[in-house]
Amino acid sequence: MNNNADALVNHVFDDVIRWRRHIHANPDLSFHEKPTADYIHRELNAIPHLEITRPLENSVIATLKGKYVGPVQALRADIDALPLDEKSGVDFASTKPGIMHACGHDAHTAMLMGAIKILSGYQDRLHGTLKFIFQPAEEIPPGGAKQLVEMGIVDDVAQIFGLHVQPDLPVGTIVMKEGPYVASSDNFNILIKGKGGHGSMPHTCVDPVVIGAEVVCALQHIVARNTDPLLTPVLTVATFQAGDSYNVIPDSARLAGTLRTHNNDVRQRVPGLVNRIVEGITHAHGADCEIEWQSGYAPGFNHPQASQFAREQINAFFPAGTLQESQRPLFSSEDFSSYQEKVPGCFIFIGCGNPEKGAIWNVHNPHFIIDEEALKVGIKTHLALASALINGA
Ligand code: NI
């Protein structure tokens with residue numbers, strides 16, 4: 001299959017563009033993707049040999065059972081969009097105000113549908129089963145992946161792979177990072193409860209602003225002084241809200257932020273350190289506090305075996321140099337990690353940037369667009385990953 005992969009991809013490309021643009025124009029927010037799932041289901045119904053199920057109404061699982069026995073391998077796409085007003089200027093822009101496919105999940109969905117259309121033609125040479133997962137709610141924890149994992153969707157899966165378009169990589173490139181590749185993401189809310197009063201009489205108050213300022217600085221000691229320097233997390237206080245005047249000391253201050261790390265021990269240990277510092281400082285100054293943690297996604301870990309498999313398959317399908325290996329894990333997060341906690345897997349980035357076509361904006365930006373040539377690379381990557389199960393491919 002690697003010799004005629006480009007021809008196979010070109011053969012389905014009109015459909016893939018149509019699917020991608022339809023999904024782009026009709027985006028759904030996380031946990032509300034039933035219309036998108038219905039569309040995927042409808043379009044896949046026209047492809048032979050598939051068994052299609054909807055374990056959640058906003059998900060679609062398509063299974064291609066081979067003629068011969070063999071392992072189950074999963075390929076995953078996420079289908080949800082973001083709460084943004086699209087400003088990309090494309091003529092298939094979102095028809096829903098305030099909702100936009102600004103993370104490329106429309107592309108992920110269409111690429112996987114294209115691969116399915118090709119692979120279904122190889123059912124009589126397939127050794128094992130290909131499971132195609134269209135999952136909801138990648139953008140909002142607890143995430144759609146976790147829901148599907150808890151329903152047992154990957155219990156029979158030996159290996160799983162997922163793709164993500166990446167606008168800061170030029171179209172035509174593929175990047176993977178063995179081992180840790182994205183971070184966990186846990187959020188916190190801190191309420192510092194002081195005592196308000198007149199700004200000219202601070203001695204009669206317990207000033208939550210000054211206490212909050214001390215807390216913000218002290219939290220960085222966790223990064224700089226309390227964690228192995230090779231495992232340092234990101235600890236960002238992104239919100240500091242207090243007061244609304246020139247001369248009133250407020251009753252309380254609210255801080256909020258995020259903890260990102262690639263290490264599960266660090267992930268478990270840091271919240272306790274945060275709580276100790278916040279409680280210590282607020283109590284030392286006669287204030288009180290409430291701290292709340294919201295857990296997000298686990299760190300993403302590309303399994304060595306699945307990474308080696310992906311490396312070999314991709315290198316067999318693409319010219320030398322197409323696949324680049326990164327040494328640098330990202331501090332963004334991705335709910336693909338929920339599958340990887342259960343099953344060896346590898347998550348791979350597909351370049352979609354091209355300044356000549358205006359594809360220069362990052363994901364989650366209202367101007368975000370992709371060079372649609374990236375869809376070909378994505379479909380072909382899926383074929384490469386699936387072809388190991390196809391006799392003589
Ligand atoms: Ni995304």
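Notes on the structure follow. (Residues numbered from 1 in each chain as written. Predicted model: local features only at pLDDT ≥ 70, side-chain atom pairs only at ≥ 80, totals over all residues. Heavy atoms only, no water.)

Turning to the packing of helix α1 (residues 5-25) against helix α2 (residues 34-44), a few remarks are in order. One way to put it is that α1 packs onto α2 with a least axis distance of 11 Å and a crossing angle of 160°. By the angle between their directions, the pair α1 and α2 is classed as roughly antiparallel. Along this stretch, α1 crosses α2, giving a crossing that reads as right-handed. Each of R18, W19, H22 and I23 in α1 lies in contact with α2, whose residues at this interface are T36, Y39 and E43. In the contact of α1 with α2, the residues fall into three nonpolar, two polar and two charged. (Axes fitted to C-alpha atoms, helices over the stretch in contact; angles between N-to-C directions. Helix = DSSP H or I, 4+ residues; strand = E, 2+ residues; numbered from the N terminus. Parallel < 35°, antiparallel > 145°, perpendicular 65-115°, else oblique. Left-handed = near helix turned anticlockwise from the far one by under 90°. Contact = heavy atoms within 4.5 Å. Nonpolar A, V, L, I, M, F, W, Y, C, P; charged D, E, K, R; others polar.)

We now examine the packing of aromatic side chains. Under the counting rule described, the total for this entry stands at six aromatic pairs. Aromatic pair F161 and F309: ring centres 5.5 Å apart, planes at 25°, arrangement stacked. Taken together, the positions of F161 in strand β5 (residues 159-170) and F309 in helix α7 (residues 304-317) put the pair 148 residues apart, joining distant regions of the chain. For the pair F161 and F309, a shared accessibility class is recorded, and that class is buried. Look at F347 and F349: their rings are 5.4 Å apart centre to centre, the planes differ by 90°, and that puts the pair in the edge-to-face class. (Phe/Tyr/Trp six-rings, centres within 6.5 Å; stacked < 30°, edge-to-face > 60°. Buried < 20%, exposed > 50% of the residue type's maximum accessible area, 1.4 Å probe, protein only.)

So, on to the sheet that holds strand β13 (residues 288-294). Sheets are built from strands paired through backbone hydrogen bonds, the pairs being either parallel or antiparallel. An order of β10-β12-β8-β13 is seen for the four strands of this open sheet, with the pairing classed as antiparallel. In the strand order of this sheet, the two ends are held by β10 (234-242) and β13, each with one partner. Across this sheet, the average inter-strand angle for adjacent strands is 15°, counted without regard to direction. Looking at chain direction, β10 and strand β12 (residues 252-261) are connected through eight bridges and run antiparallel. Bridging across to β12, T239 finds its partner in A256. Set on the sheet, helix α6 (residues 264-284) makes contact with β8 (184-193), β10, β12 and β13; between it and β13 the angle comes to about 165°. (Pairing = 2+ DSSP bridges.)

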